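Chain by chain, the residues:
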Amino acid sequence: MNKKINFNQTKKDILKFITCGSVDDGKSTLLGRMLYEKKFIFLDQLSEIKNASNKYSSHNNNIDYSYLLDGLLSEREQKITIDVAYRYFETENRKFILADTPGHEQYTRNMVTGASNAELAIILLDVKKGIKEQTKRHSLICSLLNIPNILLAVNKMDLIGYSKKRYENIIEQYKRVLKKLDLSNISYMPLSALNGDNIVKNSKKMPWYKGPCLFDFLEKIDLQSQIKTSNNFYFPVQLVQTLKNNKRKYLGTVKSGTVREGEVLEILPSGVFNTVKKISMYKNNLKLANKNMSISISFKKETDISRGDILTSSKKLITVTDRFIAKIIWMDKVSAFIGRIYNLKIGHSIVTAQIVKIINKINTKSLSFEKANTLKMNDIAIIEVTLEKKIPLVKFKDNKDLGSFILIDKITNNTLAAGMLENIIKVSKNVFYSDSKITQKRRNILNGHKSKVIWFTGLSGAGKSTLAKGLENKLYKKGIRTYILDGDNLRTGINSDLGFSEEARVENIRRAAEISKLMVESGIVVLAAFISPYQAERNLARNLFKKGDFIEVFVKASLEYVEKRDVKGLYARARKGEIKNFTGIDSPYEIPSKPEFIINTDKEKIETSINNIYKALIFKLEI
Amino acid sequence: MRKENQAYLDSLEAESIYIIRETIAEAKNPVMLYSLGKDSSVLLHLAIKAFYPNKVPFPVLHIDTNWKFSEMYKFRNFIKKKFNLELLVYKNIKGITKNINPFDYASDIYTDVMKTQALREALDKYKFDFSFGGARRDEEKSRAKERVFSVRNNKHSWDPKDQRPELWNLYNLQIKDNQSFRVFPLSNWTEIDIWQYILREKIDIVKLYFSKKRPVVIRNDKIILIDDNRIKLKDNEKILYKNVRFRTLGCYPLSSGIISNANTVKKIINEIKLSENSERAGRLIDHDQSSSMEIKKLQGYF
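From a predicted model like this one, the values you see are computed outputs, not experimental measurements.

Lay out the interface of chain A and chain B in plain terms, naming residues and giving numbers.
In this complex, chain A contributes 78 residues to the contact, which on the side of chain B involves 64 residues. When the two sides are added together, the surface that chain A and chain B hide from each other amounts to roughly 6,000 Å², 53% of it contributed by carbon and sulfur. Our count for the chain A to chain B interface comes out at 8 salt bridges. With a shortest N-O distance of 2.9 Å, Glu 26 of chain B and Lys 345 of chain A are connected by a salt bridge. Here chain A and chain B share 30 residue pairs in polar contact (both at pLDDT 80 or more) between them. It is helix H2 (residues 43-56) of chain A that contributes the most residues to the side of chain A that touches chain B, 5 residues altogether. Split by residue class, the side of chain A that touches chain B holds 33 nonpolar, 26 polar and 19 charged.

I'd like a rundown of a positive patch on the surface, residues and numbers included.
Residues Lys 247, Lys 277, Lys 278 and Lys 300 of chain A make up a contiguous surface patch of positive charge. Take Lys 300 of chain A: it is sitting in the loop between strand S15 (294-299) and strand S16 (310-312).

I'd like a description of the sheet that holds strand S28 (residues 525-529) of chain A, backed by residues and values.
All names here are of chain A. Strand order in the open sheet formed by 5 strands is S27-S28-S26-S29-S30, and the pairing between neighbours is parallel. Looking along the sheet, the strands with just one partner apiece sit at the ends: strand S27 (482-486) and strand S30 (597-600). Each neighbouring strand pair of the sheet contributes to a mean axis angle of 20°, computed without reference to strand direction. Two strands pair when backbone bridges link them, and strand S26 (residues 453-457) and strand S29 (residues 550-556) are joined in this way by 5 bridges, in the parallel orientation. For Val 453, the partnering residue across the bridge sits in S29 and is Phe 550. Sheet contacts for helix H12 (residues 535-543): S26 and S29; angle to S29, the most-contacted strand, approximately 150°.

How would you sum up the sheet that holds strand S10 (residues 258-259) of chain B? Please name residues and give values.
All names here are of chain B. On the basis of which strands lie adjacent, the open sheet formed by 4 strands has the order S8-S7-S9-S10 and antiparallel pairing. The sheet is open, and its two edges are formed by strand S8 (222-225) and S10, each paired on a single side. Sheet topology places strand S9 (residues 240-245) next to S10; 2 bridges connect them, and they run antiparallel. Each bridged residue has a counterpart across the sheet, and for Arg 245 the counterpart in S10 is Ile 258.

An account of a nonpolar patch on the surface is needed here, citing residue identities and associated values.
Residues and elements named next belong to chain B. There is a patch of nonpolar side chains on the surface, built from Leu 233, Ile 239 and Tyr 241 and spanning about 300 Å² of accessible area. Structurally, the position occupied by Leu 233 is in the loop between S8 and S9. The partly exposed category is assigned to Leu 233, whose relative accessible area is 36%.

Report on the domain arrangement of chain B, specifying residues and quantitative values.
All names here are of chain B. Domain annotation for chain B reports domain 1 (2-197 + 291-298) and domain 2 (206-287). Computed over C-alpha atoms, the centres of domain 1 and domain 2 are 23 Å apart. Across the domain 1/domain 2 interface, buried area totals approximately 2,800 Å², and carbon plus sulfur atoms make up 62% of it. Among the residues of domain 1 in contact with domain 2, Phe 69, Phe 103 and Trp 195 are the three that bury the most area, contributing 28% of the side total. Where domain 1 packs against domain 2, one counts 1 salt bridge. Here Arg 247 and Glu 191 are joined by a salt bridge, their closest N and O atoms 2.9 Å apart. For the side of domain 1 that touches domain 2, the secondary structure elements donating two or more residues are helix H3 (70-83), helix H5 (107-126), helix H6 (191-201) and helix H8 (292-298).

Cut-off values and rules
- Residues numbered from 1 in each chain as written.
- Chains lettered and ligands numbered in written order.
- Predicted model: local features only at pLDDT ≥ 70, side-chain atom pairs only at ≥ 80, totals over all residues.
- Heavy atoms only, no water.
- Contact = heavy atoms within 4.5 Å.
- Buried area = accessible area lost by both parts, 1.4 Å probe.
- Salt bridge = Lys/Arg side-chain N within 4 Å of Asp/Glu carboxyl O.
- Polar contact = N/O pair within 3.5 Å; in protein donor to acceptor, adjacent residues only side chain to side chain.
- Helix = DSSP H or I, 4+ residues; strand = E, 2+ residues; numbered from the N terminus.
- Nonpolar A, V, L, I, M, F, W, Y, C, P; charged D, E, K, R; others polar.
- Patch = residues over 30% accessible without salt bridge, like charges linked within 9 Å, V, L, I, M, F, W, Y side chains within 5 Å.
- Areas by Shrake-Rupley, 256 points an atom, 1.4 Å probe, with all protein chains shown as cover.
- Lys, Arg positive; Asp, Glu negative; His and termini not counted.
- Charge placed at Lys NZ, Arg CZ, Asp CG, Glu CD.
- Pairing = 2+ DSSP bridges.
- Axes fitted to C-alpha atoms, helices over the stretch in contact; angles between N-to-C directions.
- Buried < 20%, exposed > 50% of the residue type's maximum accessible area, 1.4 Å probe, protein only.
- Domains from an automatic or database assignment.

Rendered as structure tokens:
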């Protein structure tokens, strides 16, 4: 039973489009208005939004069209769009799937969600407010996602008296923005969503505008001629199915090109060739399958094929490798760090991936590049990624489906970033899992920073703990894992058996150094704050560590200064003889001979000292 | 008409099959929520197509309130036999013992106990990690906001303000221990698409969707079917015989019929095209409080 199913036999097509742009530029109102005027709203829905308009709005009896799309309670209360709303309508010629996306920067990831599948983006702007950062950000995202059609809708023309000059002025400004982006097929349209100008019919108030109204534009925009078709057949294996007779079938969707019964395909990454025995879709066997069809394929020979493998007719645009350059949009509250490890889903594969380099960050205000060590939520950047194993990769511009990926947090399982493969690096670097032992270096890679001990030495009251705490706060904000070891947490616990005799002091420092060593090996930056008066013990501590992992900070303050301040009253008690063996009074302090840093706490402000150490230290922690 | 829409239906079908297969590739313990309605029937048909010639690799779960139309129970047995399904039926026994029913209790209380709580109990009992549902975005305003793969917390609740990004068709199906997924393969289908697909694929549906002379009573301007003797007629009410059909099916006292002569799928399609009301206008539970669907979903409704 052979049945040929041809996807392109009919006229009626489907347009997936989004509306985006800054907050309050009127996105939801525009679409709501258009749907209302074209009678795409059911009576019961209309009465519901009429009630909502009266409930949430101060203007009585005016329909607030945005409620048609802003369906969530918190959206209506706050009068904003939080997440994408999908809306479906159809005309004689076309089916439409509209995604109305939020304008707030904090909801950028929801905008990206809507935009990722769009063939047209309507970027709205308020003619009075002009081009805002969000206008640029959304234009940039549309450009990264390769949305093939853009309409810049200049809204609220009624507020400027439908001035042609002001409209053209805005278009000129936007064209300057476009120079920095990679967008094509851009159209422009003046309108007023509130008054319905140029929405479903051309407005009499702007006779100077000769283009179509919004609705005609949507109906007539030509989609077919723009689709760049590659003849290469790509079929990522979604699922391996074992039949009753133990034969295997490979299920999935054709992502490009066509496949015929009897054709020879290459299986990637293995590089094995095999001949297609049968293509089927439910009860039908097909001679030929086209792009976007969900089918199953069986082969003449039994071969080892897994989920995530790619079946292809041509390797021309595919490279099997473990390194690439990509553009990403970071979407999580947890920042991205160089060296950190994530799950990466591409096609039907999930592999461990590492960000090895942040090449550039894109400034969304100026649309220019800048350097960055971390990426925060909504940042857009170009990064280099390494994978734990070689897999078949395709550039995003060559195939949207095979060249896009997401990064997933290994612990929270959140979706962290959307990525578009920009360039494929053929030479493997093999930084991953060279041996099975988990070393300090590998833990450092996982954490995204090196681990070291910062050893603060100096007189009692010189400010060691204060410095350590201040520094720890700054490091913590940078996403660096730290821990403070000082007399407070060691002497009360593990060292509670020790007094203050010279022997006990030596043992105190020996234990502190050994604990620091274990913690540094486990990947933590240790801030050790101990008087540690003797050079010999400080040397002992230093020798436990690899060169460069022990950073000695001499917290220098004169005895006169610390004794005058005497925060804890210890000097007074030592002078009275109530405390024996007190450093500086009746026990010596040996000045460090070659500390990495000297901080004069008696001469500079504590904030200055903290900043100075931080600046000198932070680059030493980079991987 | 049929031919014109063929291509669009093919692409909807391919997308849904893709979603169903992707779920099965990553799920440990999936289930299909099966309400016996037209959308459930389409969803089941797509699942059968996705894995043919193998059997559907998951059970189907019917949350039974004890108040479904008798035609629906007949249909359930017919489908179970026809496709040799592993059918799980779950009822909230506590609710039944307390006689929580749609006549004596407000519709929101009844729905919460007999549907939402029952569903949550069933999901906890069987520990399903992925549950397919036949919901469509065009049905209702809060559904229009939901992802194809909707993450639910340990209480099965939806957080509309913090949904996971969903990019291209790259679905992140990894979850933490206590989370689960509701999966909506029909997200992008409209009511008309569903009917055109039923027509094309000759999918079996409950007879109540087709017009027939049936005994009804008019209550609060809604047409309620006399399905059994549990309905108590009020003094001013009398049984009428009218040509009615149902655009959407739930529990019988909470689903209102429409006057119609559409007794074939083709006639139904024509009728819907001319309709000025949405399909859920006949769903009494959608209107028991403002934004009621969103509130039900926060409580764990599907």
